[in-house]
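# A look at the structure
Here is what each chain is made of, one letter per residue.
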Amino acid sequence: MAEYQTFEHDVLVIGAGGAGLRAAIEASAAGVSVGLVCKSLLGKAHTVMAEGGIAAALANVDERDNWKVHFADTMRGGQYVNNWRMAELHAKEAPARVRELEAWGAVFDRTPDGRILQRNFGGHKYPRLAHVGDRTGLEMIRTLQDHGVHQGIDVHMEITVVALLKEGDRVVGAFAYDRERGRFRVFKAKAIVLATGGIGRAYRITSNSWEYTGDGHSLGYHAGAELIDMEFVQFHPTGMVWPPSVEGILVTEGVRGEGGVLKNSLDKRFMFDDIPDNYKSQTADNEEEGWRYTQGDKNARRPPELLTRDHVSRAIVREVKEGRGSPHGGVYLDISWIKKKLSNSEDHIKRKLPSMYHQFQQLADIDITQQPMEVGPTTHYVMGGIRVDADSQMSGVPGLFAAGECAAGINGANRLGGNSLSDLLVFGKRAGEYAAQFARDISQGQIDNAQLEAAARRALEPFERGMGSDAEGPYKIQLDLQEMMQELVGIVRREDEMQRALEGIGRLWQRTSRVAVTGNREYNPGWHTALDLPNLLTVSEAVTRSAIERKESRGAQFREDYPEKDPEFGKVNIAVKRDSDGTMKVLRVPIPEMPPELKQVIEEMG
Ligand SMILES: Cc1cc2nc3c(=O)[nH]c(=O)nc-3n(C[C@H](O)[C@H](O)[C@H](O)COP(=O)(O)OP(=O)(O)OC[C@H]3O[C@@H](n4cnc5c(N)ncnc54)[C@H](O)[C@@H]3O)c2cc1C
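This text gives an overview of the structure that appears in the document. Model, not experiment: these values are computed from the prediction.

### Describing the overall build of the protein
Regarding its fold elements, the protein presents 17 helices and 21 strands. Relative to a compact globule of 606 residues, whose C-alpha radius of gyration would be 25 Å, the protein shows 23 Å and is just as compact. With respect to the principal axes defined by its C-alpha atoms, the protein has extents near 75 × 55 × 50 Å. Every one of the 606 residues in the protein was classed for burial, and the buried ones make up 63%.

Quick look at the structure:
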């Protein structure tokens, strides 16, 4: 048997974004030994890209805000298939987590009297997003990293976990390779927290970075955990559409929060045409009122551009399909128009949206203080993920926890902007706390050599196949998958197309079993991509099967063949689980009855 470099920790956290760092900090503070593993360098996780802010009912800008309003907004946004207990904990605990971040050194934008400033965002009734210009994620990561490194956490950078190791039902470790030298590593742990982020790289047009290949979703699934809500993939309405090399890069909702408007090629603000009934009472019915809202007028209602992301994305798709799009297949997002309202608009835009200003200047040669941007939907976030207990974040597999984007429940059918960063803090902390508790009560498990050897063999197969006649490289398979998911399981879905996608996924599994790479194991991106493929295929299959099963339109899932909401589907989550024969089983899991006091909150908040 081969000898692998082995590390031992009480708690192993896989992923060093906001959720992983917060979990590691908490577990370490509880006095257990903690290992933190990440694919890239510490501080480079996806969280760093977050722009708009952290949602928390601090009530610094509008005193009417409180946890109840935040809870009701989150449930309405999620179309009531959220895990209500998670939504409750999140709304109640987010303010304390943001203040804690401030105490650890995060520099937030400020109100004139020195409190944390909060901005408007889609689906939030009041200004709620604590932010640092449009670079909030950077500040969050920097603060958590600074705090964490002083706590004695062992950080393992540029390490990719490819399998979880089990003893009976329980997880006892992880098998990984280091990207630099291609050597294998074994991690022994009493408890493991998955915090690996999302799945955006399963689609061609995405705001997500190369790291988002659904690894944690897939690791959890293959270890026996259930994935829920996978049909709910969030397409953010505003990604860049031009030039092609930057297609999909995010244009923050903060642009609309600061007064930016969406227009079609007829110069019409089309969002006023289609305001859903359940948002009518909260939405402005004229442009002037919408503008006043963005400027803090508490008597004004939000402009329709700040409706939930699923709705805005579909409205953009409709405009483009019906021939009213911009030259490169999007619509116009215009913030420059505010010069009619503000004398210092140019400076104001540069101060409030510095990254957006530079992004468009440098990547598209557009000055957003003078010209409109061209934007269209981009795959952004997955509401679905590992099913966890709301309080402890433990999955159905003993010792396996999950937090952040790779866990599911809080968002239901659609996530409100800003609710992810607060989710990472609230549930990252909880996962760390409960993982430490679990680890304290149990001894290290036994690592099974057969599992190690099988994982090593699988990982090395692409080298051993050689470039024979039926072998192929990994990149074309990845691209074919991304194009197929974009086209057949995208913003607008139909059963026949998704069945075709399932057949396509089957063929891509076949091709993946013949994938071959050349070269050696040191920094070999072809090899890394080959190892990402099974994860991408697993999550794509989960998305497709779940989307077929939910025969209705709700939140991020729009079915052309079932365009209405079906109350029966409002009572269930769709889950997938690995069956004993290795196939993916689809289940309808009833949503527990909401307690009367939470029902009352929703009724009161309208
Ligand atoms: C451009 C952009 C802007 C956004 N803006 C906002 C915003 O303003 N507000 C908001 O609330 N949300 C925002 N979001 C969403 C939010 O940023 C993410 O949902 C969130 O950061 C996810 O955090 P995480 O900790 O779950 O994962 P991440 O921050 O992605 O961290 C994942 C970690 O897991 C590691 N990893 C992955 N796979 C493996 C593996 N196999 N082995 C080892 N390590 C692994 C990665 O290296 C990384 O360290 C934005 C997203 C994008 C893309």
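Having seen the structure, we can now continue with the description.
### Remarks on helix α16 (residues 525-549)
Taking 1.5 Å of rise per residue, the 25 residues of α16 would be expected to cover 36 Å, and the 36 Å separating its terminal C-alpha atoms lies within 8% of that figure. Of all 25 residues in α16, 21 are buried, a share of seventy percent or more. By the N-cap criterion, in which a side-chain oxygen at the helix start approaches the backbone nitrogen of a residue two or three places on, α16 is capped by Asn-524, the distance to Gly-526 being 3.1 Å.

### Observations regarding the site of the ligand
Around the ligand there are 40 residues in total, and His-46, Thr-47, Gly-52, Glu-211 and Glu-405 lie nearest to it. Contacts to the ligand include Ser-420, whose side-chain N or O atom sits 2.8 Å from an oxygen atom. Contacts to the ligand include Leu-421, whose backbone N or O atom sits 2.8 Å from an oxygen atom. The biggest single contributor to the shell around the ligand is helix α12 (residues 419-440), with four residues. Counted by class, the shell around the ligand contains 16 nonpolar, 18 polar and six charged residues.

### Quick notes on the sheet that holds strand β17 (residues 407-408)
In sheet architecture, strand pairing relies on hydrogen bonds along the backbone and comes in two forms, parallel and antiparallel. Here we have five strands laid out as an open sheet, ordered β17-β15-β10-β20-β21, and mixed in their pairing. Two strands close off the open sheet at either side, each with one partner strand: β17 and β21 (584-590). By the bridge criterion, two bridges tie strand β10 (residues 227-228) to strand β15 (residues 385-387) in an arrangement that is antiparallel. When the bridges of β15 are listed, Ile-228 appears paired with Gly-385. In the packing of α16 onto the sheet, contacts are made with β10, β20 (572-578) and β21, and the angle to β21 comes to roughly 50°.

### Considerations on the side chain of Glu-139
Note on placement: Glu-139 falls in helix α4 (residues 136-149). Within the structure, Glu-139 has its side chain in polar contact with the backbone nitrogen of Val-107 (distance 2.6 Å). Here the side chain of Glu-139 touches Arg-142 through a polar contact of 2.8 Å, side chain to side chain. Apart from residues no more than four positions distant in its own chain, Glu-139 is found in contact with Gly-105, Ala-106, Val-107 and Val-132.

### Side note on the side chain of Glu-289
Tracing the backbone shows Glu-289 in helix α8 (residues 287-294). For Glu-289, a relative accessible area of 7% translates into the label buried. In contact with Glu-289, not counting residues within four places along its chain, are Ala-284, Asn-299, Ala-300 and Arg-301.

### Some details on the pattern of salt bridges
When their charged atoms lie close together, side chains carrying opposite charge are able to pair. The full count for this structure, using the stated rule, is 59 salt bridges. The partner of Glu-258 in a salt bridge is Arg-119, and the shortest N-O contact between them spans 3.3 Å. Of this pair, Glu-258 sits in the loop between α6 (254-257) and β12 (261-263) while Arg-119 sits in strand β4 (residues 118-119); the two residues are 139 residues apart in sequence, bridging distant segments of the chain. Note on Glu-258: relative accessible area 8%, which makes it buried. Shared partners join several salt bridges into a network, and the residues in it are Arg-22, Glu-26, Arg-97, Glu-100, Lys-429 and Glu-433.

The rules we used
As a convention, each chain's residues are numbered from 1 in the sequence order in which they are written. Local features in a predicted model are, by the rule used here, given only for residues with pLDDT of at least 70; side-chain atom pairs are given and counted only at 80 or more, and totals for whole chains, interfaces and linings are based on all residues. Excluding hydrogens and water, the side-chain figures rest on all heavy atoms present in the structure. Runs of E in the DSSP output that reach at least two residues are strands. Runs of H or I that reach at least four are helices, and both are numbered from the N terminus. Here the radius of gyration uses the C-alpha set of atoms, whereas the globule reference equals 2.2 Å times the residue count to the power 0.38. Buried, partly exposed and exposed residues are distinguished by accessible area as a fraction of the type maximum, computed with a 1.4 Å probe on protein chains only: under 20%, between the cut-offs, and over 50%, respectively. Expected span of a helix: the number of residues minus one, times 1.5 Å. Polar contact is defined as a pair of N or O atoms within 3.5 Å, subject to the rule that within protein one atom must be able to donate a hydrogen and the other to accept it, and that residues adjacent in sequence are counted only when both atoms are side-chain atoms. Only heavy atoms are used to decide nearness, and a residue is near a molecule or strand if one of them lies within 4 Å of it. Residues were grouped as follows: Ala, Val, Leu, Ile, Met, Phe, Trp, Tyr, Cys and Pro as nonpolar; Asp, Glu, Lys and Arg as charged; and all remaining residues, including Gly, as polar. The rule for pairing is simple: two strands pair if DSSP sees at least two bridges between them. We call two residues in contact when some of their heavy atoms are within 4.5 Å. To define axes, lines are fitted to C-alpha atoms, for helices over the stretch in contact only, and angles between the resulting N-to-C directions are given on a 0 to 180 degree scale. By definition here, a salt bridge exists when the distance from a side-chain nitrogen of Lys or Arg to a carboxyl oxygen of Asp or Glu is within 4 Å.

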